[in-house]
Amino acid sequence: MLDRAPLQAAQREAFRADVLEGLSKPAKTLPSRWLYDDRGSELFEEITQLPEYYPTRTETAILRAGAEAIAAFCGPRATLIEYGAGAGVKTEIVLAALDNPASYVPVDIAGDFLALSAERLERRFPWLEIRAVVADFTDDFDLPTDLPRLNRRIGFFPGSTIGNLSPAQAVAFLAQVGAHVGDTGRAVVGVDLVKPLERLIPAYDDAAGVTAAFNLNLLVRINRELGGTFDTARFAHEARWSVEDQAIEMHLKSLGRQVVRAAGREFEFAEGETIHTESSRKYSVDTFTALAAQAGWRQGSVWSDPDGLFAVVGLERA
Ligand code: AVI
């Protein structure tokens, strides 16, 4: 069994540093990756099942309907590298459709989760070589050096998580995918498309309050891991549209004036002041392609749903 203690200690330190920095800014903010502790990951799973949250079911339907064409785009004997691994059903759809894939390389920071999903896939595809990599895919990291060299590599990034990165982070990430897959490689990326706010806002502020619980859980995590004194009843979840960034922003709004301790410091909140906890950028196929072009990619094929809610974009090296 791998010793995860050093990684966990480093994570805790990074969390502390981000909380101290983010809550000290004039416009308070926290990086969205901290939303995903065990409870946060469970709540996100619940979000994906909500009637208002269209992205997961729409992307899954696109992958199902386009499986053959996507497999043809990837080509035979491909090595599939999935960033943020183990989305489960989506991975299975693609792996089952690929023509005799050489190997599957899931990359995820959550080592235990990665091991579990790799085991499950091993049972489903016993003939497939699976090489799990524990890494934060938004950081620089190397793939195992002994992966098959001659096969075409495909970077697979479903889920529209690309939207949770800033444009600069997204370009850096796509450039790293390009370095991983090489000149002959390709990428398949899930992109959530711009659409009317009547559809977007409820997807991030659902009637059952699951997204609110997901957002507020960040305060619970700060209380538990960094000795915080947040009273979750004194903050409210808010989902708003930023015209400038073309993004849904999640905020935690202070319901009154208050002082909260966290990570050994005190932070003052005015009534109505917010912590910005996540941006979920929405693209058109063209604005996404323009972004990918900055990282050395050009548009290959695009698969979408009849209502144009979501796109799965196949990228080729420019
Ligand atoms: C993981 N990511 C693509 C989700 C999104 O839609 O931006 C995270 C999420 N936040 C609130 N609901 C879902």
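What you are looking at is a predicted structure, and each value in this text was computed from that prediction instead of being measured.

1. Looking at the environment of Glu266
Link 1 in the chain: The residue Glu266 is located in strand 10 (residues 265–269) in this model.
Link 2 in the chain: When the C-alpha positions of Glu266 and Ser24 are compared, they lie 9.5 Å apart, and in sequence the two are 242 residues distant.
Link 3 in the chain: The contacts of Glu266, once residues within four sequence positions are left out, are Val259, Val260 and Arg261.

2. With respect to the site of the ligand
Link 1 in the chain: In the vicinity of the ligand, 14 residues are found, and the nearest of them are Tyr53, Asn164, Tyr204, Glu278 and Ser280.
Link 2 in the chain: Interatomic distance of 2.6 Å between a side-chain N/O atom of Ser280 and an oxygen atom of the ligand.
Link 3 in the chain: Starting from 350 Å² of accessible surface for the ligand in isolation, the protein chains cover 97%.
Link 4 in the chain: For the shell around the ligand, the secondary-structure elements that each account for two or more residues are helix 2 (38–49), helix 8 (210–226) and strand 11 (274–281).

3. Focus: the pairing of strand 9 (residues 258–262)
Link 1 in the chain: Along strand 9, the buried face is formed by Gln258, Val260 and Ala262; none of Val259 and Arg261, which line the opposite face, is buried.
Link 2 in the chain: Connecting the antiparallel pair strand 9 and strand 10 is a turn made up of two residues, with Ala263 showing a positive phi of about 50°.

4. Overview of the packing of aromatic side chains
Link 1 in the chain: Within the structure shown, the criterion is met by 17 aromatic pairs.
Link 2 in the chain: Ring plane angle 65° and centroid distance 5.5 Å describe the contact between Tyr36 and Phe214, whose orientation is recorded as edge-to-face. Here Phe214 lies in helix 8 and Tyr36 lies in the loop between helix 1 (5–24) and helix 2, a separation of 178 residues in the sequence.
Link 3 in the chain: Overall, the relative accessible area of 2% leaves Phe214 in the buried class.
Link 4 in the chain: Aromatic side chains Tyr53 and Tyr204 sit 5.9 Å apart centroid to centroid with 75° between the ring planes, which places their arrangement in the edge-to-face category. Pair noted here: Tyr53 is in the loop between helix 2 and helix 3 (54–74) and Tyr204 is in helix 7 (residues 197–204), with a separation of 151 residues, a long-range link.
Link 5 in the chain: Classification of Tyr204 by relative accessible area gives buried; the value is 5%.
Link 6 in the chain: Grouping aromatic residues by their ring pairs yields a cluster made of Tyr36, Phe44, Tyr53, Tyr204 and Phe214.
Link 7 in the chain: Across from the ring centre of Phe269, 4.8 Å away, lies the NZ or CZ of Lys28, which sits over that ring.

5. Let's talk about helix 6 (residues 167–181)
Since one α-helical turn is 3.6 residues long, residues separated by three or four positions face the same way.
Link 1 in the chain: The first and last C-alpha atoms of helix 6 sit 21 Å apart over 15 residues, in line with the 21 Å expected at 1.5 Å per residue.
Link 2 in the chain: Turning to helix 6, its buried residues number three or more, namely Ala170, Val171, Phe173, Leu174, Gln176, Val177, Gly178, His180 and Val181.
Link 3 in the chain: In the core, the buried residues of helix 6 are packed alongside strand 1 (79–83), strand 5 (153–157), strand 6 (186–192), helix 9 (285–293), strand 12 (297–304) and strand 13 (310–317).
Link 4 in the chain: One or two residues past the end of helix 6 sits Gly182, with phi positive at roughly 75°.

6. Brief notes about the sheet that holds strand 8 (residues 247–254)
Link 1 in the chain: Ordered by their spatial adjacency, three strands build an open sheet running 7-8-11, and the pairing between neighbours is antiparallel. Each of the sheet's edge strands pairs with one partner strand only, and the pair in question is strand 7 (235–242) and strand 11. Adjacent strand axes in the sheet meet at a mean angle of 20° when their direction is disregarded.
Link 2 in the chain: Pairing between strand 8 and strand 11: seven bridges, direction antiparallel. In the strand pairing of strand 11, Ile248 is matched with Ser280.
Link 3 in the chain: Across the sheet, helix 7 lies against strand 7, strand 8 and strand 11, angled at about 150° from strand 7, the strand it touches most.

7. Brief notes about helix 7
Link 1 in the chain: Those residues of helix 7 that fall on the buried side of the exposure criterion are Leu200, Ala203 and Tyr204. For helix 7, the angular spread of buried residues about the axis comes to 85°, placing them on one side.
Link 2 in the chain: The inward-facing, buried residues of helix 7 abut helix 3, strand 6, helix 8, strand 7, strand 8 and strand 11.

8. Side note on the side chain of Glu278
Link 1 in the chain: Structurally, Glu278 can be placed in strand 11.
Link 2 in the chain: Despite being buried, Glu278 has no salt bridge partner; Lys282 is the closest side chain of opposite charge, sitting 7.6 Å away.

Reading guide: rules and limits
- One numbering rule holds for all chains: residues counted from 1, following each sequence as written.
- It should be noted that, the model being predicted, local features are given only for residues of pLDDT at least 70 and side-chain atom pairs only at 80 or more, the latter also being counted only at that level, while totals for whole chains, interfaces and linings use all residues.
- Only heavy atoms go into the side-chain values, all of them from the structure, while hydrogens and water stay out.
- Each helix is a run of DSSP H or I of at least 4 residues and each strand a run of E of at least 2, with the numbering of both proceeding from the N terminus.
- Residues count as neighbours in contact if any of their non-hydrogen atoms are within 4.5 Å of one another.
- Residues are classed as near a molecule or strand on a simple rule: at least one heavy atom within 4 Å of it.
- Polar contacts, as used here, are pairs of N or O atoms within 3.5 Å; protein pairs need one atom able to donate a hydrogen and one able to accept it. Residues neighboring in sequence count only if both atoms are side-chain atoms.
- The Shrake-Rupley method, run with a 1.4 Å probe, gives the accessible areas here. Residue values count only the displayed protein chains as cover.
- Burial classification: accessible surface area is computed with a 1.4 Å probe over protein chains only, and a residue below 20% of its type maximum counts as buried, one above 50% as exposed, and the rest as partly exposed.
- Strands are labelled as partners when DSSP assigns at least two bridges between them.
- In summary, the pairing rule links any two rings of Phe, Tyr or Trp, Trp by its six-membered ring, whose centres are within 6.5 Å, and it sorts them by plane angle into stacked for under 30 degrees, edge-to-face for over 60 and tilted for everything else.
- The criterion for a charge sitting over a ring is simple: Lys NZ or Arg CZ within 6 Å of the ring centre, and within 35 degrees of the ring normal.
- Expected span of a helix: the number of residues minus one, times 1.5 Å.
- As a rule, the C-alpha atoms of each element are fitted with a line to give its axis, helices using only the stretch in contact, and angles between N-to-C directions run from 0 to 180 degrees.
- By construction, the arc corresponds to the directions joining the helix axis to the C-beta atoms.
- Counting rule applied: Lys, Arg positive; Asp, Glu negative; His and chain ends not counted.
- A pair is scored as a salt bridge if a Lys or Arg side-chain nitrogen falls within 4 Å of a carboxyl oxygen belonging to Asp or Glu.

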